[in-house]
Amino acid sequence: MNSTSLLTKLKQELFSGWTKFEASWLLLFLAIQIGIFIIQPDSWIATIAAITGILCVVFVGKGKISNYFFGLISVSLYAYISYTFKLYGEMMLNLLVYVPVQFIGFYFWRKNMTNKNTVNTAGASEVIAKALNAKQWVILAIVTVIGTFSYIELLKYLGSALAVLDGATVVISIVAQVLMIMRYREQWALWIIVNIMTISLWAVMYFQNGETSTPLLVMYMMYLCNSIYGYYNWIQLEKRHHQH
């Protein structure tokens, strides 16, 4: 593949297939983060983690495989920030799970992309979405509950700042991440829960210790909004991609 062809594919991946609403949504999110940095400066690490994180989740919502590039940057930086706040569950989740998952997810998504029956009108490539059946939902619930209680006990032993909230967030995040790799639309139901819990986590850090990371707190509020839209969009993806 020559450089011109590669550049064309990259341009299509990053810029094609967006509706005016989605483009405005993304630009608004980015503008808010930049505004926060100007008004209440935090570290460059937190700001970059927040911006790349927003790009990642919005691109996931669109079914774009380039989300993994932005995700790798964001989770690597977030792991370091979590360590500085002694949120060891969040640190381990990002460093030991999310970082390698970016490569695994890219591999599996790359084999399951389509430009046929796409939700976007430009015919840009989208990941082929799937839906869980009732039996899979039951298995999912059992695994999540057992995993959550086990991990909370581990974090209590390690002296995590907020073991219960931290542990539950981590386990549900891992399950959601697995669903994302396997292309199930129900990942978004779990991401909605995770985002609510993570917002609570960083808010509690502020009320308990008088400090938190504002860019990351706002980032997760944006994640929550995007998760709701992402669920809607992936329902459309799953329906469209399974038309005969």
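Residues numbered from 1 in each chain as written. Predicted model: local features only at pLDDT ≥ 70, side-chain atom pairs only at ≥ 80, totals over all residues. Heavy atoms only, no water.

1. Observations regarding the environment of Arg110
No. 1: Inspection of the secondary structure puts Arg110 in helix α5 (residues 88-110).
No. 2: Given the relative accessible area of 62%, Arg110 is considered exposed.
No. 3: Residues Arg110 and Ile65, 45 residues apart in the sequence, show an inter-C-alpha distance of 7.1 Å. (Helix = DSSP H or I, 4+ residues; strand = E, 2+ residues; numbered from the N terminus. Buried < 20%, exposed > 50% of the residue type's maximum accessible area, 1.4 Å probe, protein only.)

2. Here's the deal with a nonpolar patch on the surface
No. 1: A cluster of nonpolar side chains, contributed by Trp44, Ile48, Phe69 and Ile73, occupies part of the molecular surface with about 430 Å² of accessible area.
No. 2: Sorting the residues of the nonpolar patch by element identifies α3 (44-61) and α4 (67-84) as the ones contributing at least two each.
No. 3: Along the chain, Ile48 turns up in helix α3.
No. 4: Exposure remark for Ile48: the relative accessible area of 37% places this residue in the partly exposed category. (Patch = residues over 30% accessible without salt bridge, like charges linked within 9 Å, V, L, I, M, F, W, Y side chains within 5 Å. Areas by Shrake-Rupley, 256 points an atom, 1.4 Å probe, with all protein chains shown as cover. Salt bridge = Lys/Arg side-chain N within 4 Å of Asp/Glu carboxyl O.)

3. Here we look at α5
In an α-helix, one full turn covers 3.6 residues, which means residues spaced three or four apart are oriented alike.
No. 1: Its 23 residues place the ends of α5 32 Å apart at the C-alpha level, agreeing with the 33 Å of an ideal helix rising 1.5 Å per residue.
No. 2: At Gln102, α5 shows its largest bend, some 35°.
No. 3: Those residues of α5 that sit buried are Gly89, Glu90, Met91, Met92, Leu93, Asn94, Tyr98, Val99, Val101, Gln102, Gly105 and Trp109. (Expected span 1.5 Å × (residues − 1). Bend = angle between axes of the 7 residues up to and from the residue.)

4. Some points on the UniProt feature "transmembrane region" (unreviewed entry) in the protein
No. 1: When the UniProt feature table is mapped onto this chain numbering, "transmembrane region" (unreviewed entry) sits at residues 21-38, 44-61, 68-85, 91-109, 137-155, 161-181, 188-207 and 213-232.
No. 2: Here residues 161-181 is 90% helix and 0% strand, with 30 Å between the C-alpha atoms at its ends. (UniProt positions renumbered as here; feature names shortened; annotations may be inferred.)

5. Points about the packing of helix α6 (residues 134-158) against helix α7 (residues 163-181)
No. 1: Axis separation between α6 and α7 bottoms out at 8 Å; the angle between their running directions is 140°. In terms of orientation, α6 lies oblique with respect to α7. Of the two elements, α6 crosses α7, and the hand of that crossing is right-handed. Residues Leu140, Thr144, Gly147, Thr148, Tyr151, Ile152, Leu155 and Lys156 of α6 lie in contact with α7, whose contacting residues are Ala163, Val164, Asp166, Gly167, Ala168, Val170, Val171, Ile172, Val175 and Leu179.
No. 2: Across the contact of α6 with α7, the residue classes tally to 12 nonpolar, 4 polar and 2 charged. (Axes fitted to C-alpha atoms, helices over the stretch in contact; angles between N-to-C directions. Parallel < 35°, antiparallel > 145°, perpendicular 65-115°, else oblique. Left-handed = near helix turned anticlockwise from the far one by under 90°. Contact = heavy atoms within 4.5 Å. Nonpolar A, V, L, I, M, F, W, Y, C, P; charged D, E, K, R; others polar.)

6. Some points on the nonpolar core
No. 1: The biggest cluster of nonpolar side chains holds 67 residues, and the ones touching the most others in it are Leu26, Ile54, Val58, Trp109, Trp202, Leu216 and Trp234.
No. 2: Where this core is concerned, the elements lending two or more residues are α2 (20-39), α3, α4, α5, α6, α7, α8 (187-209) and α9 (214-241). (Core = buried A, V, L, I, M, F, W, Y, C linked by side-chain atoms within 4.5 Å.)

7. What about the side chain of Asn120?
No. 1: Residue position: Asn120 is located in the loop between β1 (113-114) and β2 (126-127).
No. 2: With a relative accessible area of 7%, Asn120 lands in the buried category.
No. 3: Polar side-chain contacts of Asn120 include one of 2.8 Å to the backbone nitrogen of Ala124.
No. 4: Leaving out residues up to four positions away in the same chain, Asn120 has contacts with Gly17, Lys62 and Glu126. (Polar contact = N/O pair within 3.5 Å; in protein donor to acceptor, adjacent residues only side chain to side chain.)

8. Let's talk about the pattern of salt bridges
No. 1: Per the counting criterion, the structure on display carries 4 salt bridges.
No. 2: The partner of Glu22 in a salt bridge is Lys62, and the shortest N-O contact between them spans 2.9 Å. Of this pair, Glu22 sits in helix α2 while Lys62 sits in the loop between α3 and α4; the two residues are 40 residues apart in sequence, bridging distant segments of the chain. The exposure classification of Glu22 matches that of Lys62, with both residues buried.

9. What to know about the environment of Lys135
No. 1: By the element assignment, Lys135 lies in helix α6.
No. 2: C-alpha of Lys135 to C-alpha of Ser173: the two residues are 38 residues apart in sequence and 21 Å apart in space.

10. Some words on the confidence of the model for the protein
No. 1: Taken as a whole, the protein shows an average pLDDT of 87; of its residues, 96% reach a score of 70 or greater.
No. 2: Mean pLDDT values over the elements of the protein span from 81, in helix α1 (residues 3-15), up to 94, in β2. (pLDDT = per-residue confidence, 0-100.)

11. Quick word on the environment of Glu22
No. 1: Overall, Glu22 belongs to the buried group, its relative accessible area being 4%.
No. 2: Taking C-alpha positions, Glu22 is 8.6 Å from Val58, a pair spaced 36 residues apart along the chain.
No. 3: Residues in contact with Glu22, not counting those within four places in the same chain, are Gly17, Lys62, Tyr229 and Asn233.
No. 4: Polar contacts involving the side chain of Glu22 include one to the side chain of Tyr229, which spans 2.5 Å.

12. Concerning the packing of α3 against α4
No. 1: Running from amino to carboxyl end, α3 crosses α4 at an angle of 145°, the nearest separation of the two axes being 8 Å. In this structure, α3 meets α4 at a crossing whose hand is left-handed. Here α3 contributes Ile45, Ala46, Ile48, Ala49, Thr52, Gly53, Leu55, Cys56, Phe59 and Val60 to the contact with α4, which in turn contributes Asn67, Phe70, Gly71, Ile73, Ser74, Leu77, Tyr78, Tyr80 and Ile81.
No. 2: Taken together, the residues of the contact of α3 with α4 break down into 14 nonpolar, 5 polar and no charged.

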